[in-house]
Amino acid sequence: MYWMIKAGIQNSVALLPGPISHRVYYAIQRRFGGLRSIQVEDKLRQGVEVAGHAARNGLEVAGARVLEVGTGRRLNLPLSLWLQGAREITTVDLHTYLRPELVQEDLRQIRDQRGRVEALFGPRLDRARLRKLLVLADNFNLDRLLDVCSIRYLSPADAANLALADGAIDLHVSYEVFEHIPGATLEAILREGARVLSAQGLLVHYIDFSDHFSHSDPAIGPINFLQYGDRAFGLLAGNRYMYMNRLRLDDFRGLYARAGQRVLEQVAAPDSETAGRLAQGQLKLAPAFAAKSHDVLATLNAWLVSRPEATPA
Ligand SMILES: C[S@@+](CC[C@H](N)C(=O)[O-])C[C@H]1O[C@@H](n2cnc3c(N)ncnc32)[C@H](O)[C@@H]1O
């Protein structure tokens, strides 16, 4: 099966010493994986969605101080929020995966697809900022970009232990990050988020519960990984590059409650095809997952907008 070969390669690369391992894994992703061709629009859209969820819950991105958990290789979520008027964005990552050449490629795409980018942001776009950004597309320098766009990249930095003052941010965000972090660390990240959040602040997170191997292997379905127990799945794919906690929506709700987060908005729905296959008993499930409802099992992603319990609304 293709996904097992992929997991085996990731496991092997993860065994190499730190910097060499990162370089080899990046080269593989660029040559054969998800970084072969990048699309700036997809990632900018994430920021538009974050801003929409924040606004619906009473917080405008324009003027907000943002913290992004899990920068990854590119800066598109911070850039997207800056283009919508965010005052400053701190983006933190445990690992220094950021690649200037990818950021430059994203800027060039923004320049070349300017009309589409303007349409994507609509009235939220700060046009003066877009003009400033486009100057950098032709004359790229990462430090200058960070400076112009009021983005602070902290790495290595742990979102569970931030060098930020109490109340220093208004919006705590991530996109497709929480499914990659162990539950106990997530609780610590949410508690630390509550500490650094201002009184009217919000947390807006998008979580992808699907088996990420199914994104590149059409032979498996989106909850294929739920057929394995923890030990077996850890042996198959428990490397640092593809770690998935496999927590489902109900687990996240429990975790948010334990961390003192009140969920203001949840956007999530069961996938009908997966729900149908579960109803027909077509999917094998490990005992820990078999006990869950079909609706929970078939829910493949969610937006969770929350605020610490103690904070007055
Ligand atoms: C799947 S990547 C997502 C990257 C990016 N958001 C994107 O969409 O391309 C998850 C990132 O979270 C980072 N991460 C994991 N645990 C973290 C923690 N405790 N604090 C900060 N970053 C963390 C990882 O190093 C990794 O770069």
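Above this note sits the structure.
Residues numbered from 1 in each chain as written. Predicted model: local features only at pLDDT ≥ 70, side-chain atom pairs only at ≥ 80, totals over all residues. Heavy atoms only, no water.

**Some thoughts on the overall build of the protein chain**
Selection criterion: Under the scheme used here, helices are H or I runs from DSSP no shorter than 4 residues and strands are E runs no shorter than 2 residues, and both carry numbers assigned from the N terminus. The globule rule used here is 2.2 Å times the number of residues to the 0.38 power, and the radius of gyration it is set against is calculated over C-alpha atoms. Each residue's exposure class comes from its accessible area (1.4 Å probe, protein chains only) as a fraction of the maximum for that residue type: buried when under 20%, exposed when over 50%, partly exposed otherwise. Any two residues having at least one pair of non-hydrogen atoms within 4.5 Å are treated as being in contact. Each accessible area value is a Shrake-Rupley result obtained with a 1.4 Å probe; residue values ignore everything except the protein chains displayed when judging cover. Neither His nor the chain ends contribute to the count of charged residues, in which Lys and Arg are positive and Asp and Glu negative. For this purpose, a charge sits on NZ of Lys, CZ of Arg, CG of Asp or CD of Glu.
Scanning the protein chain for helices and strands turns up 14 helices and seven strands. Scaling as 2.2 N^0.38, a compact globule of 313 residues should have a C-alpha radius of gyration of about 20 Å, and the protein chain matches this with 20 Å. Dimensions of the protein chain, computed from C-alpha atoms along their principal axes, come out at roughly 55 × 50 × 35 Å. Counting over 313 residues, the protein chain shows a buried share of 51%. Long-range pairs, those at least 24 residues apart, make up 80% of the contacts in the protein chain between residues at least 6 apart in sequence. When the accessible surface of the protein chain is summed, it comes to about 14000 Å², and 52% of that surface belongs to carbon and sulfur atoms. Taking the 37 positively charged and 34 negatively charged side chains of the protein chain as two groups, their mean positions are separated by 3 Å.

**Let's talk about the sheet that holds strand 7 (residues 301-308)**
Note the following rule: The rule for pairing is simple: two strands pair if DSSP sees at least two bridges between them. The convention used is that axes are lines fitted to C-alpha atoms, helices contributing only their stretch in contact, and that angles between N-to-C directions extend from 0 to 180 degrees.
Strand order in the open sheet formed by seven strands is 3-2-1-4-5-7-6, and the pairing between neighbours is mixed. Strands at the two margins of the open sheet, each flanked by one partner only, are strand 3 (151-154) and strand 6 (261-267). Averaged over neighbouring strand pairs, the angle between their axes works out to 20° when direction is ignored. On top of the sheet, helix 9 (residues 183-196) reaches strand 1 (65-69), strand 4 (169-175), strand 5 (197-208), strand 6 and strand 7; it is set at about 150° to strand 5, its chief contact.

**A few points about the site of the ligand**
Short version of the rule: One heavy atom within 4 Å of a molecule or strand is enough for the residue carrying it to be called near that molecule or strand. Residues adjacent in sequence count toward polar contacts only when both atoms are side-chain atoms; beyond that, a polar contact is any pair of N or O atoms within 3.5 Å, and within protein one must be able to donate a hydrogen and the other to accept it. Nonpolar residues are Ala, Val, Leu, Ile, Met, Phe, Trp, Tyr, Cys and Pro. Charged residues are Asp, Glu, Lys and Arg, and all others, Gly as well, are polar.
Near the ligand, the surroundings consist of 18 residues, among which Lys43, Gly70, Asp93, Asp158 and Ala159 are the closest. Between the ligand and lysine 43 there is a distance of 2.7 Å, counted from an oxygen atom to a side-chain nitrogen or oxygen. The backbone of glycine 70 places a nitrogen or oxygen atom 2.9 Å from a nitrogen atom of the ligand. Protein chains bury 82% of the 600 Å² of accessible surface belonging to the ligand in isolation. Partitioning the shell around the ligand into residue classes produces nine nonpolar, five polar and four charged.

**Concerning the side chain of threonine 274**
Considering the arrangement of structural elements, one finds threonine 274 in helix 12 (residues 272-279). Looking at threonine 274, the relative accessible area reads 4%, which means it is buried. At 2.4 Å, the side chain of threonine 274 and the side chain of aspartate 271 are in polar contact. With sequence-adjacent residues up to four places away left out, threonine 274 is seen in contact with Pro222, Ile223, Leu283, Ala298 and Leu300.

**Describing the nonpolar core**
Heads up, the rule is: Side-chain atoms within 4.5 Å link the members of a nonpolar core, which is a set of buried Ala, Val, Leu, Ile, Met, Phe, Trp, Tyr and Cys residues.
Core analysis: the largest hydrophobic core is formed by 46 residues, its most contacted members being Leu75, Leu107, Ile110, Leu133, Leu145 and Leu171. No other element matches the six residues that helix 3 (residues 40-56) contributes to this core. In contact with leucine 145, not counting residues within four places along its chain, are Leu75, Leu79, Val103, Leu107, Leu133, Leu136 and Phe140. If you look at the next biggest cluster of nonpolar residues, it comprises 28 residues, including Leu67, Val69, Ile169 and Ile189.

Structural measurements only, silent on function.
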